[in-house]
Amino acid sequence: MFVKICGLSTSEAVETSVAAGANALGFVFAPSPRQVSPDLAYALCRNLRDDVIRVAVMHHPTVEEWTKVRTLFAPDWLQTDTEDFNKLDLEDCKPLPVFRTRLNLSEDRWPARMLFESSHSGSGEKADWQEAAWMATKTRVILAGGLNSSNIVTAVQSVKPWGVDVSSGVESARGIKDQKKIRGFIARVRSMENNDGAK
């Protein structure tokens, strides 16, 4: 199970996420209590292992905003709403389009992967698991929105996603990551794998 810890802003949270087994780290560049600068994100990832994916999380960025993040941070993936990619030059960065409601996409238009979440990013609001489960039959879905250690087992069993993404569910206060909650969330996901519960 692919695990992304999002909204990171401190070296302690980054180090805890990596040590606990996160596959990807998300850094928010849109207005948010979790917003960081491209320079800070780069500094936080300076010693990151190559196998950990660095994700730039944006929301309707301008070309100038994206160019600055791409140049200074050089992320592996860009996460933003699907329509934003029409105007952005990704170069070597891979897209992670965000979907919030089911769209009438033809089979040949499904992206290689997508992030599905609620209508309000970073709010802790639960996504529509029924829609997410339908999408998970079409492509690799990373489920986000309202996930935490208490509901992650039910979420995975209901949706059968390729991956999961958590932000507010591993915080002690809005925008403040809790190292114990990060470890607990990832441990819960990995325990499902060990028990074949995430198949």
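Please refer to the structure placed before this passage.
Overview of the structure. (Residues numbered from 1 in each chain as written. Predicted model: local features only at pLDDT ≥ 70, side-chain atom pairs only at ≥ 80, totals over all residues. Heavy atoms only, no water.)

**Describing the environment of V153**
Within the secondary structure, V153 sits in helix α5 (residues 152-159). The class of V153 is partly exposed, set by a relative accessible area of 25%. Between the C-alpha atoms of V153 and M192, which are 39 residues apart in sequence, the distance is 7.3 Å. The residues touching V153, leaving out its near neighbours within four places in the chain, are R188 and M192. (Helix = DSSP H or I, 4+ residues; strand = E, 2+ residues; numbered from the N terminus. Buried < 20%, exposed > 50% of the residue type's maximum accessible area, 1.4 Å probe, protein only. Contact = heavy atoms within 4.5 Å.)

**Observations concerning the packing of α5 against helix α6 (residues 179-194)**
The N-to-C vectors of α5 and α6 enclose an angle of 45 degrees; their axes lie 10 Å apart at closest approach. The angle between α5 and α6 places the two elements in the oblique class. Taken as a pair, α5 and α6 cross one another with a handedness that is right-handed. On α6, the residues that touch I152, V153 and V156 of α5 are F185, R188, V189 and M192. (Axes fitted to C-alpha atoms, helices over the stretch in contact; angles between N-to-C directions. Parallel < 35°, antiparallel > 145°, perpendicular 65-115°, else oblique. Left-handed = near helix turned anticlockwise from the far one by under 90°.)

**Some words on the pattern of salt bridges**
Under the counting rule described, the total for this entry stands at 10 salt bridges. Measuring nitrogen to oxygen at the nearest pair gives 2.5 Å for the salt bridge that ties K177 to E171. For K177, a relative accessible area of 13% corresponds to the buried category. Between E193 and R190 there is a salt bridge, with the nearest N and O atoms lying 3.0 Å from each other. Residue E193 and its partner R190 are located together in helix α6, separated by 3 residues, close to a single helical turn. One network of salt bridges, with partners in common, ties together R34, E171 and K177. (Salt bridge = Lys/Arg side-chain N within 4 Å of Asp/Glu carboxyl O.)

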